[in-house]
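Now for the letters of each chain:
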Amino acid sequence: MNTSLITGLHHVTSMASAPQKNVDFYAGILGLRLLKKTINFDAPDIYHLYYGDESGTPGSLMTFFPFNGISAGRQGKGQAVSTTFSIPVQSVEYWVRRLEQFEVRHKEPQERFGEVVIYFEDYDGLGLELIANDDDDREAFTYGHIPKEHSIRGFYSIELWEDTYEKTESVLVNQLNHQFIKESGSRRRYAPLNAKPGQIIDIVWAPENRYGVGGSGTVHHIAFDTPSLETQLEVREKIHQIGLSPTPVIDRQYFDAIYFREPGGVLFEVSTNKPKGFMTDEEFAHLGTHLMLPSWLEGRRTYIEKLLEPITLNPEKYASTY
Ligand code: ZN
(Lines give C-alpha, C1' and ligand atoms only; values in the text may rest on other atoms or scores of the structure.)
Protein backbone atom coordinates (compact mmCIF):
# COMPACT_ATOMS: atom_id res chain seq x y z
CA MET A 1 0.00 0.00 0.00
CA ASN A 2 1.18 3.47 -0.83
CA THR A 3 1.75 5.19 2.50
CA SER A 4 1.78 8.74 1.15
CA LEU A 5 -1.57 9.01 -0.64
CA ILE A 6 -2.50 11.77 1.78
CA THR A 7 0.22 13.98 3.23
CA GLY A 8 -1.88 16.13 5.55
CA LEU A 9 -4.35 18.98 5.28
CA HIS A 10 -4.57 21.28 2.25
CA HIS A 11 -7.21 23.94 3.02
CA VAL A 12 -10.43 24.75 4.83
CA THR A 13 -13.21 26.61 3.01
CA SER A 14 -15.88 28.45 5.01
CA MET A 15 -18.72 30.90 4.59
CA ALA A 16 -18.66 34.42 5.97
CA SER A 17 -20.70 37.60 5.79
CA ALA A 18 -18.99 41.00 5.34
CA PRO A 19 -15.88 40.72 3.09
CA GLN A 20 -13.97 43.59 4.76
CA LYS A 21 -14.48 42.12 8.24
CA ASN A 22 -13.20 38.81 6.92
CA VAL A 23 -10.02 40.50 5.63
CA ASP A 24 -9.63 42.44 8.88
CA PHE A 25 -9.87 39.26 10.92
CA TYR A 26 -7.65 36.86 8.99
CA ALA A 27 -5.06 39.23 7.54
CA GLY A 28 -5.30 41.85 10.31
CA ILE A 29 -5.77 40.05 13.61
CA LEU A 30 -4.34 36.62 12.72
CA GLY A 31 -1.60 37.98 10.46
CA LEU A 32 -2.15 35.51 7.62
CA ARG A 33 -1.27 36.65 4.12
CA LEU A 34 -4.13 37.48 1.76
CA LEU A 35 -2.86 35.31 -1.07
CA LYS A 36 -5.59 35.54 -3.62
CA LYS A 37 -8.57 37.74 -4.27
CA THR A 38 -10.83 36.03 -6.77
CA ILE A 39 -14.53 35.24 -7.10
CA ASN A 40 -16.83 32.29 -6.74
CA PHE A 41 -16.71 31.05 -10.33
CA ASP A 42 -20.38 30.05 -10.14
CA ALA A 43 -21.52 33.32 -8.52
CA PRO A 44 -19.35 36.23 -9.70
CA ASP A 45 -20.81 38.74 -7.22
CA ILE A 46 -19.20 36.77 -4.37
CA TYR A 47 -15.51 36.95 -3.53
CA HIS A 48 -13.37 33.90 -2.97
CA LEU A 49 -10.58 34.97 -0.62
CA TYR A 50 -7.54 32.83 0.18
CA TYR A 51 -5.30 33.31 3.22
CA GLY A 52 -2.25 31.39 4.37
CA ASP A 53 1.47 31.54 4.88
CA GLU A 54 3.69 33.63 2.61
CA SER A 55 3.53 31.42 -0.44
CA GLY A 56 0.30 29.51 0.18
CA THR A 57 1.67 26.21 1.38
CA PRO A 58 -0.92 23.43 1.74
CA GLY A 59 -1.75 23.04 5.41
CA SER A 60 -1.92 26.78 5.96
CA LEU A 61 -4.81 27.77 3.67
CA MET A 62 -8.09 29.26 4.87
CA THR A 63 -10.48 30.22 2.09
CA PHE A 64 -13.81 32.06 2.33
CA PHE A 65 -16.89 32.95 0.38
CA PRO A 66 -17.83 36.19 2.16
CA PHE A 67 -21.29 37.41 1.18
CA ASN A 68 -23.32 40.19 2.78
CA GLY A 69 -26.86 38.98 3.32
CA ILE A 70 -26.09 35.27 3.74
CA SER A 71 -28.01 33.72 6.64
CA ALA A 72 -26.05 32.66 9.70
CA GLY A 73 -25.27 28.97 9.99
CA ARG A 74 -25.17 26.81 13.10
CA GLN A 75 -22.27 24.64 14.11
CA GLY A 76 -23.03 21.03 14.90
CA LYS A 77 -22.64 17.40 13.94
CA GLY A 78 -21.71 16.59 10.37
CA GLN A 79 -19.40 19.60 10.15
CA ALA A 80 -15.78 20.58 10.66
CA VAL A 81 -16.36 22.73 13.72
CA SER A 82 -12.91 24.10 14.62
CA THR A 83 -9.81 24.82 12.63
CA THR A 84 -6.76 24.87 14.85
CA PHE A 85 -3.63 26.88 14.12
CA SER A 86 -0.17 26.09 15.40
CA ILE A 87 1.78 28.64 17.49
CA PRO A 88 4.98 28.31 19.53
CA VAL A 89 4.69 27.44 23.23
CA GLN A 90 6.23 30.80 24.20
CA SER A 91 3.44 32.67 22.37
CA VAL A 92 0.40 31.80 24.48
CA GLU A 93 0.44 35.01 26.47
CA TYR A 94 1.06 37.13 23.35
CA TRP A 95 -2.01 35.64 21.66
CA VAL A 96 -4.29 35.85 24.68
CA ARG A 97 -3.45 39.56 24.95
CA ARG A 98 -3.91 40.04 21.22
CA LEU A 99 -7.36 38.40 21.25
CA GLU A 100 -8.27 40.65 24.17
CA GLN A 101 -6.90 43.78 22.49
CA PHE A 102 -9.12 43.23 19.46
CA GLU A 103 -12.09 41.99 21.51
CA VAL A 104 -12.17 38.60 19.86
CA ARG A 105 -14.60 36.16 21.51
CA HIS A 106 -12.46 33.49 23.13
CA LYS A 107 -12.21 31.02 25.99
CA GLU A 108 -9.52 30.72 28.62
CA PRO A 109 -6.58 28.50 27.63
CA GLN A 110 -7.27 24.81 28.27
CA GLU A 111 -5.23 21.63 28.03
CA ARG A 112 -5.61 18.93 25.37
CA PHE A 113 -3.28 15.96 25.11
CA GLY A 114 -0.74 17.91 27.18
CA GLU A 115 -0.80 21.03 25.01
CA VAL A 116 -2.35 24.45 25.65
CA VAL A 117 -5.38 25.26 23.44
CA ILE A 118 -7.15 28.59 23.09
CA TYR A 119 -10.59 28.52 21.46
CA PHE A 120 -11.81 31.69 19.70
CA GLU A 121 -14.26 32.74 16.99
CA ASP A 122 -14.13 35.05 14.00
CA TYR A 123 -16.71 37.82 13.44
CA ASP A 124 -19.19 35.29 12.05
CA GLY A 125 -18.77 32.84 14.93
CA LEU A 126 -16.57 30.37 13.02
CA GLY A 127 -14.75 28.07 15.48
CA LEU A 128 -10.97 28.52 15.57
CA GLU A 129 -8.22 27.51 17.97
CA LEU A 130 -4.57 28.09 18.66
CA ILE A 131 -2.46 25.16 19.90
CA ALA A 132 0.88 25.91 21.51
CA ASN A 133 3.51 23.34 20.61
CA ASP A 134 7.20 23.11 19.84
CA ASP A 135 6.93 20.30 17.27
CA ASP A 136 6.39 22.64 14.33
CA ASP A 137 9.39 23.18 12.06
CA ARG A 138 7.54 25.31 9.48
CA GLU A 139 8.92 28.77 8.95
CA ALA A 140 7.57 31.82 10.72
CA PHE A 141 6.36 34.73 8.60
CA THR A 142 5.15 38.26 9.21
CA TYR A 143 3.80 41.33 7.51
CA GLY A 144 5.12 43.73 10.06
CA HIS A 145 2.44 43.68 12.70
CA ILE A 146 3.01 40.30 14.39
CA PRO A 147 6.55 39.56 15.56
CA LYS A 148 7.90 36.53 13.69
CA GLU A 149 8.53 34.58 16.88
CA HIS A 150 4.78 34.61 17.62
CA SER A 151 3.36 34.08 14.15
CA ILE A 152 0.94 31.32 13.21
CA ARG A 153 2.84 28.54 11.41
CA GLY A 154 -0.15 27.01 9.63
CA PHE A 155 -2.81 24.54 10.69
CA TYR A 156 -2.31 22.18 13.58
CA SER A 157 -5.51 20.16 13.24
CA ILE A 158 -9.17 20.15 12.28
CA GLU A 159 -11.97 19.03 14.56
CA LEU A 160 -14.95 17.18 13.09
CA TRP A 161 -18.16 16.78 15.06
CA GLU A 162 -19.86 13.48 14.35
CA ASP A 163 -22.79 11.43 15.61
CA THR A 164 -20.43 8.51 16.07
CA TYR A 165 -16.87 7.90 14.94
CA GLU A 166 -16.72 4.42 13.39
CA LYS A 167 -17.71 5.11 9.78
CA THR A 168 -15.65 8.28 9.44
CA GLU A 169 -12.71 6.51 11.06
CA SER A 170 -13.03 3.71 8.53
CA VAL A 171 -12.71 6.17 5.60
CA LEU A 172 -9.79 8.01 7.22
CA VAL A 173 -7.93 4.79 7.94
CA ASN A 174 -8.79 2.63 4.94
CA GLN A 175 -9.09 5.19 2.13
CA LEU A 176 -7.13 8.24 3.31
CA ASN A 177 -4.00 6.71 4.82
CA HIS A 178 -4.62 7.92 8.36
CA GLN A 179 -3.85 6.08 11.56
CA PHE A 180 -5.61 6.24 14.89
CA ILE A 181 -3.22 8.05 17.23
CA LYS A 182 -4.91 8.51 20.59
CA GLU A 183 -8.14 9.31 22.39
CA SER A 184 -9.44 11.17 25.38
CA GLY A 185 -13.11 11.07 26.36
CA SER A 186 -15.12 11.47 23.15
CA ARG A 187 -12.18 12.87 21.15
CA ARG A 188 -10.24 10.57 18.84
CA ARG A 189 -7.15 11.73 16.94
CA TYR A 190 -5.97 10.56 13.50
CA ALA A 191 -3.09 11.45 11.21
CA PRO A 192 -0.99 10.03 8.41
CA LEU A 193 2.18 8.13 9.39
CA ASN A 194 4.77 10.25 11.27
CA ALA A 195 2.32 13.11 11.59
CA LYS A 196 3.40 16.67 12.16
CA PRO A 197 1.35 19.76 13.03
CA GLY A 198 -0.89 20.50 10.05
CA GLN A 199 -1.75 16.85 9.42
CA ILE A 200 -4.09 16.01 12.27
CA ILE A 201 -7.83 15.24 12.34
CA ASP A 202 -9.78 15.02 15.60
CA ILE A 203 -13.20 13.41 15.65
CA VAL A 204 -15.38 14.55 18.52
CA TRP A 205 -18.41 12.28 18.66
CA ALA A 206 -21.46 13.34 20.57
CA PRO A 207 -24.82 11.82 19.58
CA GLU A 208 -26.68 14.30 21.78
CA ASN A 209 -25.51 17.34 19.76
CA ARG A 210 -27.66 18.86 17.04
CA TYR A 211 -26.67 18.64 13.41
CA GLY A 212 -25.03 21.73 11.94
CA VAL A 213 -26.71 24.03 9.43
CA GLY A 214 -24.72 25.71 6.65
CA GLY A 215 -24.42 29.51 6.49
CA SER A 216 -22.00 32.21 7.58
CA GLY A 217 -19.69 31.11 10.36
CA THR A 218 -19.61 27.48 9.26
CA VAL A 219 -17.11 25.38 7.34
CA HIS A 220 -18.20 24.37 3.85
CA HIS A 221 -15.56 21.68 3.33
CA ILE A 222 -12.08 20.59 4.33
CA ALA A 223 -9.41 19.51 1.88
CA PHE A 224 -6.64 16.95 2.28
CA ASP A 225 -3.32 17.23 0.47
CA THR A 226 -2.21 14.55 -1.96
CA PRO A 227 1.23 14.62 -3.63
CA SER A 228 0.35 14.17 -7.31
CA LEU A 229 -2.35 13.67 -9.93
CA GLU A 230 -1.58 9.94 -9.79
CA THR A 231 -2.13 9.69 -6.04
CA GLN A 232 -5.26 11.82 -6.39
CA LEU A 233 -6.72 9.34 -8.87
CA GLU A 234 -5.70 6.47 -6.62
CA VAL A 235 -7.60 8.04 -3.71
CA ARG A 236 -10.54 8.72 -6.02
CA GLU A 237 -10.67 5.06 -7.01
CA LYS A 238 -10.58 3.91 -3.38
CA ILE A 239 -13.44 6.29 -2.52
CA HIS A 240 -15.39 5.14 -5.55
CA GLN A 241 -14.97 1.51 -4.50
CA ILE A 242 -16.79 2.09 -1.21
CA GLY A 243 -19.68 3.83 -2.95
CA LEU A 244 -19.07 7.42 -1.80
CA SER A 245 -19.42 8.89 -5.33
CA PRO A 246 -16.38 11.16 -5.67
CA THR A 247 -16.61 13.96 -8.26
CA PRO A 248 -14.34 13.90 -11.29
CA VAL A 249 -11.12 15.91 -10.94
CA ILE A 250 -12.13 19.61 -11.03
CA ASP A 251 -9.79 22.42 -12.09
CA ARG A 252 -9.66 24.99 -9.28
CA GLN A 253 -7.14 27.26 -11.01
CA TYR A 254 -4.47 26.91 -8.27
CA PHE A 255 -4.98 23.21 -7.56
CA ASP A 256 -6.97 20.23 -8.80
CA ALA A 257 -9.69 18.83 -6.58
CA ILE A 258 -12.04 15.91 -6.06
CA TYR A 259 -14.92 16.03 -3.58
CA PHE A 260 -17.01 13.49 -1.70
CA ARG A 261 -19.15 13.47 1.43
CA GLU A 262 -17.84 11.24 4.19
CA PRO A 263 -20.41 9.01 5.96
CA GLY A 264 -20.78 11.42 8.91
CA GLY A 265 -21.81 14.28 6.61
CA VAL A 266 -18.66 16.41 6.26
CA LEU A 267 -17.73 17.39 2.70
CA PHE A 268 -14.16 16.22 2.04
CA GLU A 269 -11.93 17.36 -0.80
CA VAL A 270 -8.61 15.87 -1.89
CA SER A 271 -6.37 18.40 -3.64
CA THR A 272 -3.04 18.58 -5.29
CA ASN A 273 -1.27 21.87 -5.93
CA LYS A 274 -0.52 22.77 -9.52
CA PRO A 275 3.18 23.26 -10.20
CA LYS A 276 3.05 27.02 -9.65
CA GLY A 277 0.20 27.05 -7.10
CA PHE A 278 -0.79 30.62 -6.26
CA MET A 279 2.00 31.97 -8.45
CA THR A 280 0.10 30.71 -11.52
CA ASP A 281 -1.32 34.17 -12.21
CA GLU A 282 0.53 36.55 -9.85
CA GLU A 283 4.15 36.93 -8.80
CA PHE A 284 5.14 36.14 -5.23
CA ALA A 285 5.55 39.81 -4.28
CA HIS A 286 2.08 40.75 -5.58
CA LEU A 287 0.00 37.82 -4.36
CA GLY A 288 -3.49 38.94 -3.36
CA THR A 289 -3.18 42.49 -4.63
CA HIS A 290 -5.39 42.36 -7.73
CA LEU A 291 -8.72 40.76 -8.45
CA MET A 292 -7.96 37.57 -10.35
CA LEU A 293 -10.53 36.22 -12.78
CA PRO A 294 -10.46 33.00 -14.75
CA SER A 295 -9.93 33.55 -18.48
CA TRP A 296 -13.59 32.90 -19.34
CA LEU A 297 -14.74 35.77 -17.07
CA GLU A 298 -12.00 38.28 -17.98
CA GLY A 299 -14.22 39.88 -20.64
CA ARG A 300 -16.75 40.78 -17.94
CA ARG A 301 -14.19 42.29 -15.53
CA THR A 302 -15.65 45.82 -15.42
CA TYR A 303 -19.12 44.47 -14.66
CA ILE A 304 -17.82 42.03 -12.01
CA GLU A 305 -15.69 44.67 -10.28
CA LYS A 306 -18.81 46.85 -9.87
CA LEU A 307 -20.64 43.97 -8.15
CA LEU A 308 -17.97 43.53 -5.50
CA GLU A 309 -17.48 45.86 -2.55
CA PRO A 310 -13.88 47.12 -2.35
CA ILE A 311 -11.70 45.49 0.31
CA THR A 312 -8.41 46.76 1.74
CA LEU A 313 -5.63 45.48 3.95
CA ASN A 314 -5.12 47.63 7.04
CA PRO A 315 -2.04 46.24 8.79
CA GLU A 316 -1.39 49.47 10.71
CA LYS A 317 -4.73 49.03 12.50
CA TYR A 318 -3.61 45.66 13.81
CA ALA A 319 -0.34 46.46 15.52
CA SER A 320 -0.04 45.03 19.00
CA THR A 321 -0.01 47.55 21.82
CA TYR A 322 2.43 45.58 24.00
ZN1 ZN B 1 -11.79 23.43 -1.50
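Computed from a prediction, not measured in an experiment: that's the story for all the values here. (Residues numbered from 1 in each chain as written. Predicted model: local features only at pLDDT ≥ 70, side-chain atom pairs only at ≥ 80, totals over all residues. Heavy atoms only, no water.)

1. Structural notes on the sheet that holds strand β13 (residues 219–225)
Thought 1: Spatial ordering of the open sheet is given by β2-β3-β4-β1-β13-β16-β15-β14, a layout of eight strands whose pairing is mixed. A strand with exactly one partner marks an edge of an open sheet, and here the two such strands are β2 (33–40) and β14 (250–251).
Thought 2: Two elements, β2 and strand β3 (residues 43–52), share seven bridges in a ladder whose sense is antiparallel. The partner of Ile39 across the bridge, within β3, is Tyr47.
Thought 3: Contacts between helix α1 (residues 19–29) and the sheet are confined to β1 (8–16), β3 and β4 (61–66), with β3 contributing the most and set at about 5° to the helix. (Pairing = 2+ DSSP bridges. Helix = DSSP H or I, 4+ residues; strand = E, 2+ residues; numbered from the N terminus. Contact = heavy atoms within 4.5 Å. Axes fitted to C-alpha atoms, helices over the stretch in contact; angles between N-to-C directions.)

2. Regarding the layout of surface pockets
Thought 1: By volume, the largest pocket is sized at about 410 Å³.
Thought 2: Together, 21 residues line the largest pocket, and Asn40, His48, Phe65, His221 and Arg252 are the ones closest to its centre.
Thought 3: When contributions to the lining of the largest pocket are tallied by element, the ones reaching two or more residues are β1, β2, β3, β13, β15 (255–261) and β16 (267–273).
Thought 4: When grouped by side-chain class, the residues that make up the lining of the largest pocket number 11 nonpolar, seven polar and three charged.
Thought 5: There is about 250 Å³ of room inside the second largest pocket.
Thought 6: Listed by contribution, the elements that provide at least two residues to the lining of the second largest pocket are β5 (79–87), β6 (110–112), β7 (115–121) and β9 (155–162).
Thought 7: Tallied by class, the residues present in the lining of the second largest pocket amount to five nonpolar, three polar and seven charged. (1 Å grid on protein atoms, 1.4 Å probe; cavity = no way out; pocket = protein on both sides within 12 Å on 5 of 7 lines; lining within 4 Å. Points joined across faces, edges and corners; volume = space filled by probe spheres on them. Nonpolar A, V, L, I, M, F, W, Y, C, P; charged D, E, K, R; others polar.)

3. Topic: a nonpolar patch on the surface
Thought 1: Nonpolar side chains collect at one region of the surface, where Leu229, Leu233 and Val249 lie side by side and expose about 250 Å² of accessible area between them.
Thought 2: If you trace the backbone, Leu229 turns up in helix α4 (residues 229–241).
Thought 3: We classify Leu229 as partly exposed; its relative accessible area is 44%. (Patch = residues over 30% accessible without salt bridge, like charges linked within 9 Å, V, L, I, M, F, W, Y side chains within 5 Å. Areas by Shrake-Rupley, 256 points an atom, 1.4 Å probe, with all protein chains shown as cover. Salt bridge = Lys/Arg side-chain N within 4 Å of Asp/Glu carboxyl O. Buried < 20%, exposed > 50% of the residue type's maximum accessible area, 1.4 Å probe, protein only.)

4. Focus on the packing of aromatic side chains
Thought 1: This model, assessed by the stated rule, comprises 17 aromatic pairs.
Thought 2: The ring of Tyr123 has Lys21 lying over it, and the distance from NZ or CZ to the ring centre is 5.0 Å.
Thought 3: Seen from the ring of Phe180, Arg188 lies directly overhead, with NZ or CZ sitting 4.2 Å from the centre. (Phe/Tyr/Trp six-rings, centres within 6.5 Å; stacked < 30°, edge-to-face > 60°. Lys NZ or Arg CZ within 6 Å of the ring centre and 35° of its normal.)

5. Some points on the pairing of β4
Consecutive residues of a regular strand have side chains that alternate between opposite faces of the sheet.
Thought 1: Of all six residues in β4, six are buried, a share of seventy percent or more.
Thought 2: In β4, alternate side chains face the same way, and those of Leu61, Thr63 and Phe65 on one face and Met62, Phe64 and Pro66 on the other are all buried.
Thought 3: Looking at chain direction, β1 and β4 are connected through six bridges and run parallel. Bridge pairing in β4 links Met15 to Phe65.
Thought 4: Here β3 pairs with β4 via three bridges, running antiparallel. Opposite Leu49, over in β4, you have Phe64 as the bridge partner.

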